[in-house]
Amino acid sequence: MLLLLSSCKVGPNYKRPIVNVPAAFRGAQGAAQQASFADLPWWEVFRDESLKELIKTSLANNYDLDAAIARVEQARQIAATARSEYFPAINYTSATTYGHNQFINSPASNSAGAPGFFFGVASA
């Protein structure tokens, strides 16, 4: 512990090094960068308003596309169910008896002080 703490000590002669830091750097908060052509939605590439309306209408009313999306989602859920076999499982079992020895199957007396037995197993 002493070696670890002494290695973190900075002596009295320490001087912070001078570093030339640029005034601005790429990705800094501040002025927003101009949107790239690749950042546009694909239908915005076409500069025809009637074509854009047709694309929006076809996407909204394409029932085959809705069915395909539902099948893809169903396949994802089936795959998740199949992967669940690899997740950990926790289980427990318990048994309680009174007045009877389960290990050697011998009866015990029915007196007031008859021994009971509890058996519990947990597994993961």
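Conventions used here
The residue numbering used here restarts from 1 in each chain and proceeds along that chain's sequence as written. It should be noted that, the model being predicted, local features are given only for residues of pLDDT at least 70 and side-chain atom pairs only at 80 or more, the latter also being counted only at that level, while totals for whole chains, interfaces and linings use all residues. Computation of side-chain values: all heavy atoms of the structure, hydrogens and water removed. The numbering of helices and of strands both runs from the N terminus, where a helix is a DSSP run of H or I of at least 4 residues and a strand a run of E of at least 2. The buried label applies to any residue whose accessible area, calculated with a 1.4 Å probe on protein chains only, is under 20% of its type's maximum; exposed applies above 50%, and partly exposed to all values in between. What makes two residues a contact is simply this: any of their non-hydrogen atoms within 4.5 Å. All accessibility values rest on the Shrake-Rupley procedure with a 1.4 Å probe; residue burial counts only the protein chains present in the view. Patch criteria: residues need more than 30% relative accessible area and no salt bridge. Like-charged residues are merged within 9 Å; nonpolar side chains of Val, Leu, Ile, Met, Phe, Trp and Tyr are merged within 5 Å. Salt-bridge detection follows one rule: a side-chain nitrogen of Lys or Arg within 4 Å of a carboxyl oxygen of Asp or Glu. As a per-residue measure, pLDDT reflects the predictor's confidence and takes values from 0 up to 100.

### Some words on the overall build of the protein
Right, so step 1: A count of helices and strands for the protein gives 3 helices and 4 strands.
Right, so step 2: Overall, the protein shows an N-to-C arrangement of helices and strands of α-α-α-β-β-β-β.
Right, so step 3: Out of the 124 residues belonging to the protein, those deemed buried represent 4%.
Right, so step 4: Taking all contacts inside the protein whose residues are at least 6 apart in sequence as the whole, residues at least 24 apart take part in 31%.
Right, so step 5: Carbon and sulfur atoms form 60% of the exposed surface of the protein, whose accessible area is close to 12,000 Å².

### A closer look at a nonpolar patch on the surface
Right, so step 1: On the surface, a nonpolar cluster with roughly 920 Å² of combined accessible area is contributed by Phe-37, Leu-40, Trp-42, Val-45, Phe-46, Leu-51, Leu-54, Leu-59, Leu-65 and Ile-69.
Right, so step 2: Every element with two or more residues in the nonpolar patch is listed here: α2 (49-60) and α3 (63-83).
Right, so step 3: Among the elements that line the nonpolar patch, the one with the most residues is α2, at 3 residues.
Right, so step 4: Tracing the sequence through the fold places Leu-59 in helix α2.

### What about the pattern of salt bridges?
Right, so step 1: Tallied over the entire structure, the rule returns 2 salt bridges.
Right, so step 2: In this structure, Glu-49 engages Lys-52 in a salt bridge whose closest nitrogen and oxygen atoms are separated by 3.5 Å. Here the residue Glu-49 and the residue Lys-52 both occupy positions in helix α2, the gap between them amounting to 3 residues, near one helical turn.

### So, the side chain of Lys-52
Right, so step 1: Taking the relative accessible area as the measure of exposure, Lys-52 reaches 11% and is therefore buried.
Right, so step 2: Not counting residues up to four positions away in its chain, the partners in contact with Lys-52 are Trp-43, Glu-44, Phe-46 and Arg-47.

### Things to note about the confidence of the model for the protein
Right, so step 1: The predicted model of the protein averages 77 in pLDDT, with 68% of residues at 70 or higher.
Right, so step 2: The least confident element of the protein is strand β2 (residues 100-101), whose mean pLDDT is 52; the most confident is α3, at 91.

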